[in-house]
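Results of the structural survey
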Amino acid sequence: MKQPLTRFLSYVALDTQSQPGQEQVPSTPGQFTLARLLCQELTDLGAQGVELTDHCHVYATLPGNLPGAEAVGFIAHLDTSPAISGRDIRPRVVEDYDGGDILLNPETGCTLSAKEFPELARYKGQRLVVTDGSTLLGSDDKAGITEIMGMLEHYSEHPELPHGDICVAFTPDEEIGRGTDFFDIPRFGAKLAYTVDGADLGKISFENLNSAEARITVTGVSIHPGRGKNRLKNAILMAIQLQNMLPPAETPSHTEGYEGFYHLTDFTGTVDKAELTYRVSDFDREGFQGRKDRLAAICDYLNGVHGPGSFAVSFRDVMHNMREAVEPHYHLVEHAMAAMRDVGVEPELMPCRGGTDGVRLSFLGLPCPNLNTGSHNCHGRYECVPVESIERITEMLIALVARFAKGAEA
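Residues numbered from 1 in each chain as written. Predicted model: local features only at pLDDT ≥ 70, side-chain atom pairs only at ≥ 80, totals over all residues. Heavy atoms only, no water.

1. Examining the overall build of the protein chain
The condition is simple: The secondary structure listing takes helices from DSSP runs of H or I that are at least 4 residues long and strands from runs of E that are at least 2 residues long, numbered from the N terminus. The atom set for the radius of gyration is the C-alpha atoms, and the globule formula is 2.2 Å times the number of residues raised to the power 0.38. Only protein chains enter the accessibility calculation, which uses a 1.4 Å probe; a residue is then buried when its area is under 20% of its type maximum, exposed when over 50%, and partly exposed in between. For every accessible area listed, the method is Shrake-Rupley and the probe measures 1.4 Å; residues are considered covered only by the protein chains on display. Positive charges come from Lys and Arg alone, negative charges from Asp and Glu alone, with His and the N- and C-terminal ends not counted. For the purpose of locating charges, the reference atoms are NZ of Lys, CZ of Arg, CG of Asp and CD of Glu.
Helix and strand counts for the protein chain come out as 10 helices and 17 strands. For 410 residues, the compact-globule formula gives about 22 Å, and the C-alpha radius of gyration of the protein chain, at 23 Å, lands near that figure. Each principal axis of the C-alpha atoms in the protein chain carries an extent, and together these give about 85 × 50 × 40 Å. Here the protein chain holds 410 residues, and 51% of them are scored as buried. Counting only carbon and sulfur atoms, one obtains 50% of the accessible surface of the protein chain, whose full area is about 17,900 Å². Charged side chains in the protein chain number 35 positive and 57 negative. The centres of these two groups are separated by 7 Å.

Dropping the structure here:
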């Protein structure tokens, strides 16, 4: 069996960052490079129906050997976050981690601090894959791909083990919200699935934040400052006034668990015009609507202060809480929890404070809770993943397929 670390490092060596603002899917050609590599590996493992689409979706099925067993699917994404550079990644394996700080880059002094990331203490004595402090690592979601491929390889090398059809798909542009734009559920072949995408060992998510994008345009009046009294309206200061009217503790840096937030993601402006973009998020539908209503009410109030048309806001719902679509199929969550216990990991249900391809797929009729990959600190230079977590999650996926097979045998 190919070593998980070897497989993972071969994947992160490829630049597959997605790029927002592009019309085409995939948004970057590098995603095709990884997709073609995976197609060859899937073919070598004996998968059938291996296909790479024009939009860079990879589909394949490892045929089952147990009549009547339900097909189960696994999905991971090819792209990595555009948050910081994903080019020329130089990963390093820290052997027998001592539990202390890890100097990532001697030239810049960039350090993975045990104080700032106390969860690292759980991995003392293990192997950690880290960055060189100048790029992300790409474990989101190349760790997930590694684990799915390792599970497939296990069943390919052990044809005596009973299982139903194992359907896999790898998607492009998940990080920019377009991974399922052209996803073909009938072609995928399974009626239930799991995304393997993010979070540390033991975590399972079947609920996520409702989220909307709010775009606010602030229109000011630019006049020479020497003659601006009672006439100049500075759009930048007006925009700051709006931001200061939102609850200061309801931001991503102050919230956790089931707490919602307002996240200012972009702010540009001049005296004449300013533009703000927010991610408005809440787990509860009523709370979600309330947050949008509050932002709209603030704009209405400020229009009364600064004049009609000074503030214009529009909302675009990005995703809804997949709990609504997954809960009727809760046995998927129960099977995943049992499979974790099968390999000695105590599962923990964790609300997803972001999103996965599974959110949209669940509402399209493919219930799709999310499983851990073992990754930490994704989307940044402090990203790392314990090798033992990749190995354990691969074992968990093997056990999960076996659980579906036992259900068919019973």
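Let's pick the thread back up.
2. Examining the packing of aromatic side chains
So the rule is basically this: When two rings of Phe, Tyr or Trp (its six-membered ring) have centres within 6.5 Å they constitute a pair, described as stacked for plane angles under 30 degrees, edge-to-face for angles over 60, and tilted for the intermediate range.
One pass over the structure, following the stated rule, counts seven aromatic pairs. An aromatic cluster is defined as three or more aromatic residues linked by ring pairs; in this entry it consists of Tyr59, Phe183 and Phe188.

3. Describing the side chain of aspartate 140
Just so we agree on the cut-off: Put simply, a salt bridge is a Lys or Arg side-chain nitrogen that is within 4 Å of an Asp or Glu carboxyl oxygen. By definition, residues are in contact when any of their heavy atoms lie within 4.5 Å.
Mapping aspartate 140 onto the fold places it in helix H3 (residues 139-157). Here aspartate 140 is buried and forms no salt bridge, its nearest opposite-charge partner lysine 142 lying at an N-O distance of 10 Å. The contact partners of aspartate 140, leaving out residues within four places of it in the chain, are His77, Asp79, Thr80, Glu175, Asp197, Ser375, Cys378, His379 and Glu383.

4. Some remarks on unusual backbone geometry
Of note, the bond from valine 25 into proline 26 is cis; its omega dihedral lies within 30 degrees of zero at 5°. Secondary-structure assignment places proline 26 in the loop between helix H1 (4-12) and helix H2 (30-44). Cis peptide bonds are those with omega within 30 degrees of zero, and the linkage from aspartate 140 to aspartate 141 qualifies with 20°. Here aspartate 141 shows up in helix H3. A positive phi angle, close to 70°, is found at cysteine 56, a residue other than glycine. For cysteine 56, the position within the fold is in the loop between strand S1 (48-52) and strand S2 (58-62). Overall, the relative accessible area of 0% leaves cysteine 56 in the buried class. Look at asparagine 377: it is not a glycine, yet its phi comes out positive at around 55°. Looking at where asparagine 377 falls in the secondary structure, it is placed in the loop between strand S16 (370-371) and strand S17 (384-386). For asparagine 377, a relative accessible area of 22% corresponds to the partly exposed category.

5. As for H3
Applied cut-off: By this rule the span expected of a helix is its residue count minus one, scaled by 1.5 Å.
Taking 1.5 Å as the rise per residue, H3 with 19 residues should run 27 Å; its terminal C-alpha atoms sit 25 Å apart, in good agreement. Counting buried residues along H3, 17 of its 19 residues qualify, which places the element largely inside the surrounding structure.

6. A short note on the side chain of aspartate 357
Take aspartate 357: it is sitting in helix H9 (residues 357-363). One buried charged residue, aspartate 357, remains without a salt bridge, the closest side chain of opposite sign being arginine 360 at 7.8 Å. Those residues in contact with aspartate 357, other than ones at most four positions away along the chain, are His77, Thr171, Glu174, Gly179, Thr180 and Thr195.

7. Details of the sheet that holds S16
What counts, and what does not: We treat two strands as partners when DSSP finds at least two bridges between them. Interaxial angles span 0 to 180 degrees and are taken between N-to-C directions of axes, which are lines fitted to C-alpha atoms, for helices over the stretch in contact.
On the basis of which strands lie adjacent, the open sheet formed by eight strands has the order S1-S2-S8-S3-S9-S16-S10-S15 and mixed pairing. The outermost strands of the open sheet, each flanked by one partner alone, are S1 and strand S15 (348-349). Where H2 meets the sheet, it contacts S1, S2 and strand S8 (166-171), and its direction lies at approximately 170° from that of S1. Across the sheet, helix H8 (residues 331-342) touches strand S9 (193-196), strand S10 (203-205), S15 and S16, and the angle it forms with S10 is around 175°.

8. Side note on the pairing of strand S12 (residues 261-269)
Bridge count between S12 and strand S13 (residues 273-282): eight bridges; the pairing is antiparallel. By the bridge assignment, phenylalanine 261 is partnered in S13 with serine 281. In this antiparallel pair of consecutive strands, S12 and S13, the connection spans three residues.

Nothing here speaks to function; it is all geometry.
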